Amino acid sequence: MDNVNKRRRRMVLAVLTGVVGVACVVAIGLRSFIRTTEANLEQLKSLPMADVDMSRVADGTYYGSYSMFPVSARVKVTVRDHRISEIELVEHRHGRGAAAEAIPGRVVDAQSLDVDTVAGATYSSKVILKAIENALTTAGR
């Protein structure tokens, strides 16, 4: 009976050691994930937008995208007479940034990327603006 108890204790100790080891690996991975996400979001705050010269953008439909984890967007921008006539938000992956989906309409109204970001959805706003910029700068080449 004494040997059985010793084996059980060893087995319990081995299992506990394994669980603690796995928990440590998960914690380290999670910490790295959080640091990367925070760094990306901080970078998004100060992301500059190019001043697109619409006189150089020919009529047509252009696609653009931008992604910086955890946010991504794809857009379809239609240009007529060197003006942005329509922006369709094809895809928008976001956390709590759904309110930023108003950005394409603001850009069409302003005919500029120089629009205010949506409060509470700054990161998504920046990503959508960058996707629009990428569509227009590709078109201007």
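Structural notes, computed from the coordinates. All values reported here derive from a predicted model rather than from experimental measurement. Every chain's residues receive numbers from 1 upward, in the order its sequence appears when written. Thresholds applied to this predicted model are a pLDDT of at least 70 for local features of residues and 80 or more for the giving and counting of side-chain atom pairs; totals over whole chains, interfaces and linings are not thresholded and use all residues. As a convention, hydrogens and water are excluded, and side-chain values are obtained from all of the structure's heavy atoms.

### Some thoughts on the overall build of the protein
The secondary structure listing takes helices from DSSP runs of H or I that are at least 4 residues long and strands from runs of E that are at least 2 residues long, numbered from the N terminus. Helix and strand content of the protein: three helices and three strands. Element order for the protein, N to C, with α for helix and β for strand: α-β-β-β-α-α. A 1.4 Å probe rolled over the protein chains alone gives each residue an accessible area, and that area as a share of the maximum for its type sets the label: buried under 20%, exposed over 50%, partly exposed in between. Counting all 141 residues of the protein, 31% fall into the buried class. Here, two residues are considered to be in contact whenever any of their heavy atoms come within 4.5 Å of each other. Within the protein, counting contacts between residues at least 6 apart in sequence, those at least 24 apart form 49% of the total. Working note: accessible area of the protein is about 9200 Å², and carbon and sulfur atoms make up 54% of it. All accessible-area figures derive from a Shrake-Rupley calculation using a 1.4 Å probe, and residue coverage is judged against the displayed protein chains alone.

### Considering the environment of serine 112
Here serine 112 is to be found in the loop between helix 2 (103–110) and helix 3 (122–139). On the accessibility criterion, serine 112 (26% relative accessible area) is partly exposed. In this structure the C-alpha to C-alpha distance between serine 112 and aspartate 53, which are 59 residues apart in sequence, comes to 9.5 Å. One polar contact links the side chain of serine 112 to the main-chain amide nitrogen of aspartate 114, over a distance of 2.9 Å. Two N or O atoms form a polar contact when they lie within 3.5 Å of each other; inside protein one atom must be a possible hydrogen donor and the other a possible acceptor, and for residues adjacent in sequence the pair counts only when both atoms belong to side chains.

### Quick look at the packing of helix 2 against helix 3
Note on geometry: axes are C-alpha line fits, over the in-contact stretch for helices, and angles between N-to-C directions span 0 to 180 degrees. At a minimum axis separation of 10 Å, helix 2 and helix 3 run at an interaxial angle of 50°. Compared by their axis directions, helix 2 and helix 3 come out oblique. The crossing of helix 2 and helix 3 is right-handed. For the pair helix 2 and helix 3, contact is made by Ile103, Pro104 and Val107 and by Ser125, Ile128, Leu129 and Ile132, respectively. Considering only residue class, the contact of helix 2 with helix 3 consists of six nonpolar, one polar and no charged. Oblique is the label for any angle not under 35 degrees, not over 145, and not in the 65 to 115 range, which are roughly parallel, roughly antiparallel and roughly perpendicular in turn. Crossing chirality is assigned from the near helix's rotation relative to the far helix, an anticlockwise turn below a right angle marking it left-handed and a clockwise turn marking it right-handed. Residue polarity follows a fixed list, in which Ala, Val, Leu, Ile, Met, Phe, Trp, Tyr, Cys and Pro are nonpolar, Asp, Glu, Lys and Arg are charged, and the others, Gly among them, are polar.

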